[in-house]
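Below, each chain spelled out in residue letters.
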Amino acid sequence: MMQPALAVLLLWSSPFAAPNPQSADSGPDARIKIDVLREIGDVDPNLYGVFMEPIRSSMDGLLYDPDHRLADDDGFRTDYIEAAHELQLTNMRWPGGNYVASYDWKDGIGPKEERPVRRELAWGVLDRNHVGTDEWIALSRAMGVDNSICINAGTGTYDDARYWIEYVNSPTGSYWADRRAEYGHSEPFDVKYWHLGNEVDGEPWQAVYSTPEQYVHFAENAANIMRYVNRTCETCTQPVFLAMGSSWVKQGVAGTWEDWNWAVIDGLIEQEGVEYIAIHRYWGRGFNDEVEDSRAPEVYLGDWAVHFEEYVSTTWHQIQVARVKHDVGGKPFHIAFTEWSPGTWSHMSTLAGALHFNLFLRHADAVKRANFTMFTSLLARNEDGETYRNPFFYMYKLFSTNARGTSLDVWAESDTFDGSVYKGIPYLDVSATRSEDDGTVVLNVVNRNMNEVIATDIISDTGEFAGDATVSVIQADDVDARYTWEQREAYAPATSTVPAEGRSFRYAFAPHSFTQIRVRVQ
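The structure reproduced in this document is the subject of the present report. Residue indices begin from 1 for each chain and proceed along its sequence in written order. Only residues with pLDDT of at least 70 get local features here, since the model is predicted, and only at 80 or more are side-chain atom pairs given and counted; chain-wide, interface and lining totals rely on the full set of residues. Only hydrogens and water are removed before side-chain values are computed, so all heavy atoms of the structure are retained for them.

1. Points about the overall build of the chain
As a reminder, the rule being used: Counting from the N terminus, the helices are the DSSP runs of H or I reaching at least four residues and the strands are the DSSP runs of E reaching at least two. Atoms considered for the radius of gyration are the C-alpha atoms alone. The globule rule reads 2.2 Å times the number of residues to the power 0.38. The buried label goes to any residue with under 20% of its type's maximum accessible area, the exposed label to any with over 50%, and the partly exposed label to all in between, with areas taken from a 1.4 Å probe on protein chains only. Contact criterion: two residues are considered in contact whenever any of their non-hydrogen atoms come within 4.5 Å of each other. Positive: Lys, Arg. Negative: Asp, Glu. His and the chain ends are not part of the count. One atom stands in for each charge, and that atom is NZ of Lys, CZ of Arg, CG of Asp or CD of Glu.
On a plain count of helices and strands, the chain comes out with nine helices and 26 strands. Taken against the 2.2 N^0.38 rule, which gives 24 Å for 522 residues, the C-alpha radius of gyration of the chain at 23 Å falls within 12% of a compact globule. Seen along its three principal axes, the alpha-carbon backbone of the chain occupies a region of about 70 × 55 × 55 Å. By residue count, 59% of the 522 residues in the chain fall in the buried class. Across the chain, every contact between residues at least 6 apart in sequence was considered, and the portion connecting residues at least 24 apart equals 79%. Positive and negative charge centroids in the chain, built from 43 and 77 side chains respectively, lie 2 Å apart.

This is the structure in structure tokens:
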């Protein structure tokens, strides 16, 4: 007998009177069908990762501040560490970012008073290197996350790469492993995931960039030499590599990011240990030459969502073609979206954040890792530097703590709207997951209609709903107003229940809202 399934619908709300979900029958209608037998793929917990880079004072001076009243014994802020645990984050990518293109990891080890001060090229500041490998590892351990280290593919050499993995993962007895022991850590750090450079296609903003051919040659050799370091060590953690895909992306510009991704996939899919292509794209920044940075809802919540869908789908299709071409059908090779952010300061940003997660979940068979930029942005700060949780934080938490297990191929039908570039975009953007542990189904819905409630029939194609549906609502009156310290107490989601019996129930999604629903299916 099929075990009962529980589905969760959650809406997000500020001090706003949400419509009665049973009485709001005005406005357009929609349908959402849930079938727990239609599975997309396992939701990799590594979707709920973060990226952290020493951009000016974001690390040394904010997250790392030994003199702060909330600093732990290693100098890191405990309010951020506690937030990482609350969000159940899984991994952190470090130390860059553009920062890493001229970074020498050897500057960041040993006694801090002896570490050199360097002119940092990406962000134009002096870097005193007080947060190096050992400190990053300590931070990740305090946060309860796995490390994901990015090597220097700009000014870095093959020796830099092999000596770094020796310092991090080798047992004592060799020069760099012994240096690690000398500095207080006799046991290896056992870091599994290594990024082969960052945004090496970024000619306009990188101090050192590469052509696709140059990068594939470097990445192939770097992966080989790093893998060789501990290949005969039976107790050592062996590396898994992420190749750097596209970051210089604009919609409608032919033959740019697609060609870069294809060169990387085609050139490295057979390389032992390389199991991901990492891609970057920042929502709301430079859509194309016509639209640019428009925050009009039809562009920001419409065109951008379709563009991201195309970005992920095209990259995944390229991987499938390469699998056949190179006859490597059984080799793991997936997408890692290792930098993403729409900003965190307004309701529009929060809706866009939910659209990111819906995209990742709908492509759970393809996208296996993701890293939000930046970790410190998940907590808002007031003018005095005090941190607080805003709606973006709670949106992230709803996904990271609930949307796990298996992604479901949910079917949704709603009215549509036109963006500036794409036409016929559905108002409702939907994803769903099911937990293998207790059968919980989590339904995530963004209503992109800015003015109208959408009354929706939620239908179970497999089994019947039993009992009340738990509903939480997050919504805002002013979608562009910046979040504030003064309103912080009003930002937590409000929850309620609605009756759900038989094969369907009806719910009304508030305008410009994010929603997640929990209901039992048996």
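Moving on from the model shown.
2. Some points on the pairing of strand β23 (residues 468-474)
Test applied: When DSSP finds two or more bridges between two strands, those strands count as paired.
In terms of burial, β23 is largely enclosed, as five of its seven residues are buried. Here β23 pairs with strand β24 (residues 494-499) via two bridges, running antiparallel. By the bridge assignment, Asp468 is partnered in β24 with Pro499. Relative to strand β26 (residues 513-521), β23 is paired through five bridges, and the arrangement is antiparallel. Looking at the pairing, Val471 lines up with Ile517 of β26.

3. Details of the pattern of salt bridges
Quick note on the threshold: Any Lys or Arg side-chain nitrogen located within 4 Å of an Asp or Glu carboxyl oxygen qualifies as a salt bridge.
Across all of its chains, the model carries 22 salt bridges by this definition. Put simply, Asp60 and Arg128 hold a salt bridge, and the shortest N to O gap is 2.6 Å. Here the residue Asp60 occupies a position in the loop between β4 (49-51) and α1 (78-87), and Arg128 occupies one in the loop between β7 (125-127) and α2 (133-143), the gap between them amounting to 68 residues. Residue classification places Asp60 among the partly exposed residues on the basis of a relative accessible area of 25%. By relative accessible area, which is 35% here, Arg128 ends up partly exposed. Glu309 is the partner of Arg362 in a salt bridge, and the nearest nitrogen-oxygen pair spans 3.3 Å. Residue Arg362 is located in helix α8 (residues 347-362), and its partner Glu309 is located in helix α7 (residues 297-326); the two are separated by 53 residues in the primary sequence.

4. A closer look at a negative patch on the surface
The condition that has to hold: By definition, no residue in a patch forms a salt bridge, and every one has over 30% relative accessible area; like charges are joined within 9 Å, nonpolar side chains (Val, Leu, Ile, Met, Phe, Trp, Tyr) within 5 Å. For the area figures, the Shrake-Rupley method with a 1.4 Å probe applies, and any residue is considered shielded solely by the protein chains shown.
Taken together, Glu39, Asp42, Glu436, Asp437 and Asp438 make up a surface patch of like negative charges. Looking at where Asp438 falls in the secondary structure, it is placed in the loop between β20 (428-434) and β21 (440-447).

5. Notes on the sheet that holds strand β25 (residues 504-509)
The condition is simple: Angular values range over 0 to 180 degrees, each being the angle between N-to-C directions of two axes fitted as lines to C-alpha atoms, with helices fitted over their stretch in contact.
Ordered by their spatial adjacency, four strands build an open sheet running β17-β2-β22-β25, and the pairing between neighbours is mixed. In the strand order of this sheet, the two ends are held by β17 (411-413) and β25, each with one partner. Neighbour-to-neighbour, the strand axes of the sheet open up by a mean angle of 20°, direction not taken into account. Relative to β17, strand β2 (residues 29-34) runs antiparallel, the two sharing three bridges. Paired with Lys33 across the strands is Trp411, a residue of β17.

6. Observations regarding α8
What counts, and what does not: In this analysis, the expected span of each helix is defined as 1.5 Å times one less than the number of residues it contains.
Compared with an ideal rise of 1.5 Å per residue, which puts 16 residues at 22 Å, α8 spans 23 Å between its outermost C-alpha atoms and is within 8% of the ideal. Counting buried residues along α8, 15 of its 16 residues qualify, which places the element largely inside the surrounding structure.

7. Section: the state of the cysteines
Counted only if it meets this: In this description, the term disulfide denotes a pair of cysteine sulfurs within 2.5 Å.
Counted by the stated rule, this structure contains one disulfide. Here Cys233 is linked by a disulfide to Cys236, with a sulfur-sulfur distance of 2.2 Å. The sign of the S-S torsion, about 80°, decides the handedness of the disulfide formed by Cys233 and Cys236: right-handed. Taking relative accessible area as the criterion, Cys233 reaches 18% and is therefore assigned buried.

8. Focus: the packing of α1 against helix α9 (residues 391-402)
Applied cut-off: Throughout, the term roughly parallel applies to angles under 35 degrees, roughly antiparallel to angles over 145, roughly perpendicular to angles from 65 to 115, and oblique to all others. Charged residues are taken to be Asp, Glu, Lys and Arg, nonpolar residues to be Ala, Val, Leu, Ile, Met, Phe, Trp, Tyr, Cys and Pro, and polar residues to be all remaining types, Gly included.
Direction vectors running N to C along α1 and α9 enclose 45°, while the axes themselves pass 9 Å from each other. With respect to α9, the axis of α1 lies oblique. Within the contact between the two elements, α1 uses Ala83, Glu86 and Leu87 and α9 uses Phe393, Tyr396, Lys397, Ser400 and Thr401. Split by residue class, the contact of α1 with α9 holds four nonpolar, two polar and two charged.

9. Some details on empty space enclosed by the protein
This is how it is decided: The distinction between a cavity and a pocket rests on a 1 Å grid over the protein atoms alone: a 1.4 Å probe fits inside a cavity but cannot get out, while a pocket stays open yet meets protein on both sides within 12 Å along at least five of seven lines, and a residue with an atom within 4 Å of a point counts as lining. Grid points are joined across faces, edges and corners, and a volume is the space filled by probe spheres set on the points.
In the structure shown here, the tally under the stated rule is one cavity of 30 Å³ or more. Here the largest cavity is characterised by a volume of approximately 40 Å³. Along its surface, the largest cavity is lined by Val100, Ala101, Ile151, Ala153, Gly154, Gly197, Asn198, Val200, Gln206 and Val208. In terms of residue class, the lining of the largest cavity is made up of six nonpolar, four polar and no charged.

10. Focus: the sheet that holds strand β10 (residues 240-244)
Strand order in the closed barrel formed by eight strands is β4-β5-β8-β9-β10-β11-β12-β13, and the pairing between neighbours is parallel. Shown here is a sheet whose adjacent strand axes are inclined to one another by a mean of 25°, direction ignored. Two elements, strand β5 (residues 91-94) and strand β8 (residues 146-150), share four bridges in a ladder whose sense is parallel. Bridge pairing in β8 links Asn91 to Asp146.

11. Here's the deal with the packing of aromatic side chains
Note the cut-off: Only Phe, Tyr and Trp rings take part, Trp by its six-membered ring, and two of them pair if their centres are within 6.5 Å. Stacked means planes under 30 degrees apart, edge-to-face means over 60, and tilted covers everything else.
Counted by the stated rule, this structure contains 41 aromatic pairs. An angle of 65° between the planes, with centres 6.1 Å apart, marks the rings of Tyr80 and Phe375 as edge-to-face. Of this pair, Tyr80 sits in helix α1 while Phe375 sits in the loop between β13 (367-373) and β14 (380-381), and the two are 295 residues apart along the sequence. Using a relative accessible area of 1% as the deciding quantity, one classes Tyr80 as buried.

12. Focus on the side chain of Thr237
Where we set the bar: For this analysis, a polar contact is any N or O atom pair within 3.5 Å, provided that within protein one partner can donate a hydrogen and the other can accept it, and provided that sequence-adjacent residues contribute only side-chain to side-chain pairs.
Position of Thr237 relative to the elements: it lies in the loop between α5 (212-229) and β10. Within the structure, Thr237 has its side chain in polar contact with the side chain of Asp190 (distance 3.3 Å). When sequence neighbours within four positions are dropped, the list of residues in contact with Thr237 reads Asn169, Asp190, Val191 and Lys192.

13. Notes on the layout of surface pockets
Here the largest pocket is characterised by a volume of approximately 1,000 Å³. Along the walls of the largest pocket sit 41 residues, with Arg285, Ser341, Trp345, Thr373 and Ser377 positioned nearest its centre. When its residues are assigned to classes, the lining of the largest pocket shows 15 nonpolar, 16 polar and ten charged. The computed volume of the second largest pocket comes to approximately 330 Å³. Lining the second largest pocket are 16 residues, with Arg362, Pro426, Leu428, Asp429 and Arg448 positioned closest to its centre. At the level of elements, α7, α8, β19 (425-426) and β20 are the ones that each hand at least two residues to the lining of the second largest pocket. Top contributing element to the lining of the second largest pocket by residue count: α7, with four residues. For the lining of the second largest pocket, a count of residues per class yields twelve nonpolar, no polar and four charged.

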